[in-house]
Amino acid sequence: MIEIIKRLIDERAYLSSPSCDLALDGDLYEAGLTPFAAIQLLLALETAFEIEFPERMLNRRSVSSIARIISCIREVQADEASLRAA
């Protein structure tokens, strides 16, 4: 999962340094993430992980770090699994 996220950051976030140089909890906005790039990144993440972020996750905090992105993806995947099981 981390490798996919880092690849998408490199492809969509247009940061000044590669994702491999970022700590998992490093602030992506401090690294140069713009609001437009954040939206592109969210869309790419949805496609790559075959998920749909709920409206409550469509905010700056959800893509503020790699760790936060992982947390959001796992939460959405768990929610979707619960819905399928019900």
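For the structure itself, consult the block above.
**Student:** Please clarify how the overall build of the chain should be interpreted in this entry.
**Tutor:** Of regular secondary structure, the chain possesses 3 helices and 0 strands. Along the chain, helices (α) and strands (β) appear in the sequence α-α-α when read from the amino end. The C-alpha radius of gyration computed for the chain amounts to 13 Å, which stays within 12% of the reference 12 Å derived for 86 residues, consistent with globular compactness. By principal-axis analysis of the C-alpha atoms, the chain measures approximately 45 × 20 × 20 Å. Counting the 86 residues in the chain, one finds 38% classified as buried. Taking the intrachain contacts of the chain between residues at least 6 apart in sequence as the baseline, contacts between residues at least 24 apart amount to 59%. As presented, the chain carries roughly 5200 Å² of accessible surface, and 53% of it is formed by carbon and sulfur atoms. Of note, the chain has its 9 positive side-chain charges centred 2 Å away from the centre of its 14 negative side-chain charges.

**Student:** I would appreciate a short explanation of the side chain of Glu46 in the present structure.
**Tutor:** Mapped onto the elements, Glu46 comes out in helix 2 (residues 35–49). It turns out Glu46 is buried and unbridged, and the closest side chain with the opposite charge, Arg12, is 11 Å from it.

**Student:** What is the right way to read helix 1 (residues 2–12) from this model?
**Tutor:** Side chains of residues three or four places apart in an α-helix project in the same direction, reflecting 3.6 residues per turn. Along helix 1, the positions that sit buried rather than exposed are Ile5, Leu8 and Ile9. Looking straight down helix 1, one finds its buried side chains confined to an arc of 105°; they lie on one side. On its buried face, helix 1 sits against helix 2 and helix 3 (66–85). Downstream of helix 1 by one or two residues, Tyr14 has phi in the positive range, about 55°.

The rules behind each value
Residues numbered from 1 in each chain as written. Predicted model: local features only at pLDDT ≥ 70, side-chain atom pairs only at ≥ 80, totals over all residues. Heavy atoms only, no water. Helix = DSSP H or I, 4+ residues; strand = E, 2+ residues; numbered from the N terminus. Rg over C-alpha atoms; globule rule 2.2 N^0.38 Å. Buried < 20%, exposed > 50% of the residue type's maximum accessible area, 1.4 Å probe, protein only. Contact = heavy atoms within 4.5 Å. Areas by Shrake-Rupley, 256 points an atom, 1.4 Å probe, with all protein chains shown as cover. Lys, Arg positive; Asp, Glu negative; His and termini not counted. Charge placed at Lys NZ, Arg CZ, Asp CG, Glu CD. Salt bridge = Lys/Arg side-chain N within 4 Å of Asp/Glu carboxyl O. Arc of directions from axis to C-beta.

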